[in-house]
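Per-entry structural report
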Amino acid sequence: MSSRTPLIAGNWKMNKTIAEAEEFISGLLPHVFAADGVDIGICPPVTALQAMVDSARGSAVRVYAQNMHQADSGAFTGEVSAAMLTELEIQGVVLGHSERRELFGETDKALALKVPKALEAGLEPILCVGEAEEERERGDTERKLRHQIQEGLAKVADDRLADVVIAYEPIWAIGTGLTATPEQAQEACAFVRALVAQRSDDAAQRLRVLYGGSMKPDNAAELLALPDVDGGLVGGASLDPASFAAIVEAAGA
Ligand code: PEP
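Report follows, based on the coordinates. Please read all numbers here as calculations on a predicted model, not as lab measurements. (Residues numbered from 1 in each chain as written. Predicted model: local features only at pLDDT ≥ 70, side-chain atom pairs only at ≥ 80, totals over all residues. Heavy atoms only, no water.)

Considering the overall build of the protein chain
Looking only at helices and strands, the protein chain has eleven helices and eight strands in total. Taking 2.2 N^0.38 as the reference for a compact globule, 253 residues should give roughly 18 Å; the C-alpha atoms of the protein chain span a radius of gyration of 17 Å, in line with that estimate. Along the three orthogonal principal directions, the C-alpha set of the protein chain runs to about 45 × 45 × 35 Å. In the protein chain, which comprises 253 residues, the share counted as buried stands at 54%. Accessible area for the protein chain stands at about 11,300 Å²; split by element, carbon and sulfur atoms hold 52% of it. Separation between the mean location of the 22 positive side-chain charges and that of the 38 negative ones in the protein chain comes to 5 Å. (Helix = DSSP H or I, 4+ residues; strand = E, 2+ residues; numbered from the N terminus. Rg over C-alpha atoms; globule rule 2.2 N^0.38 Å. Buried < 20%, exposed > 50% of the residue type's maximum accessible area, 1.4 Å probe, protein only. Areas by Shrake-Rupley, 256 points an atom, 1.4 Å probe, with all protein chains shown as cover. Lys, Arg positive; Asp, Glu negative; His and termini not counted. Charge placed at Lys NZ, Arg CZ, Asp CG, Glu CD.)

What to know about the site of the ligand
In the vicinity of the ligand lie 14 residues, with K13, E169, G175, S214 and G235 positioned nearest. In the model, an oxygen atom of the ligand is placed 2.6 Å from a nitrogen or oxygen of the K13 side chain. Within the backbone of G235, a nitrogen or oxygen atom sits 2.8 Å from an oxygen atom of the ligand. Considering the ligand on its own, with 290 Å² of exposed area, one finds that the protein chains cover 96% of that surface. The class makeup of the residues in the shell around the ligand is four nonpolar, eight polar and two charged. (Near = heavy atom within 4 Å. Polar contact = N/O pair within 3.5 Å; in protein donor to acceptor, adjacent residues only side chain to side chain. Nonpolar A, V, L, I, M, F, W, Y, C, P; charged D, E, K, R; others polar.)

A word on the packing of helix α5 (residues 108–121) against helix α7 (residues 141–152)
Contact pair α5 / α7: the axes reach a minimum separation of 7 Å and the direction vectors enclose 45°. What the angle tells us is that α5 and α7 run oblique. Where α5 approaches α7, its residues D108, K109, L111, A112 and V115 are matched on the opposing element by H147, Q148, E151 and G152. Split by residue class, the contact of α5 with α7 holds three nonpolar, three polar and three charged. (Axes fitted to C-alpha atoms, helices over the stretch in contact; angles between N-to-C directions. Parallel < 35°, antiparallel > 145°, perpendicular 65-115°, else oblique. Contact = heavy atoms within 4.5 Å.)

Some points on the pattern of salt bridges
Under the criterion given, the structure shown has 21 salt bridges. Two residues, K13 and E99, come together in a salt bridge whose shortest N-O distance is 2.7 Å. Of this pair, K13 sits in the loop between β1 (7–11) and α1 (18–32) while E99 sits in helix α4 (residues 98–104), placing them 86 residues apart in sequence. Across the salt bridge formed by D39 and R208, the nearest N and O atoms sit 2.8 Å from each other. In this pair, D39 is assigned in strand β2 (residues 39–43) and R208 in strand β7 (residues 208–212), connecting sequence segments 169 residues apart. Exposure class is identical for D39 and R208. Each is buried. Residues participating in the shared-partner salt-bridge network are R4, R193, D228 and D230. (Salt bridge = Lys/Arg side-chain N within 4 Å of Asp/Glu carboxyl O.)

Looking at the side chain of R193
Mapped onto the elements, R193 comes out in helix α8 (residues 182–197). Among the residues examined, R193 registers a relative accessible area of 5% and is labelled buried. A distance of 2.9 Å separates the side chain of R193 from the backbone oxygen of A204, its partner in a polar contact. A distance of 2.6 Å separates the side chain of R193 from the side chain of D230, its partner in a polar contact. Apart from residues no more than four positions distant in its own chain, R193 is found in contact with R4, A204, Q205, L207, V209, D228 and D230.

Brief notes about a negative patch on the surface
Residues E102, E133, E134 and E137 make up a contiguous surface patch of negative charge. By residue number, the principal contributor to the negative patch is helix α6 (residues 133–137), which donates three residues. Residue placement: E133 occurs in helix α6. Relative accessible area serves as the criterion here: at 43%, E133 is assigned to the partly exposed category. (Patch = residues over 30% accessible without salt bridge, like charges linked within 9 Å, V, L, I, M, F, W, Y side chains within 5 Å.)

Written as structure tokens, this is what we have:
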């Protein structure tokens, strides 16, 4: 059995006002108060970060941002820096989500700077990677993952690799209700780990690889039991406290 602690992180995307976020956390905390052997994260929109840090303080729930700029400061309208997040006591940040790549022009080149910047600031980066449906059909899944991981981790020192979380999220499974089969999820997550092992075997054994893509209470246990799946990045099912708590429970020891 792996010694890696599973992480279940809920990516709320552009959902929930502060009032709605407060309602969510009041609903979630009683369910996860005694959660053991699993790390729990929520990724609220930037406006609700401070409120969620305050409301989750002292609980098992960590708060992650959904994006971060690589520069320390400057003329980058609409962006937030690592220091702005750590000032709020945020514990991590999602980087390179496929929606940011597809809709907002996030590049591997920028991610190569964002990932080490997050680590340097003390934030746990969750680097998202994954193939589109056409890429899978063409047999290009491994090529895409190799490219995204080599680029995203290029400037991370070998001794910090294990501090990065990688979320394998097949784009065709995000928000579509389609889930990768256990075989597809295991194969891709094992491939991600093998890529990291080319840099450091030790880091590859310690690094957490999450699966993301229509994870729900009814499919979570099967996916989370896979040997190379160390948790989930959950979108839609993380918006409701009961369904998110059920996924956390499925990951528990
Ligand atoms: C996501 O956005 O990272 C995600 C996995 O979404 P969903 O669970 O809704 O497919």
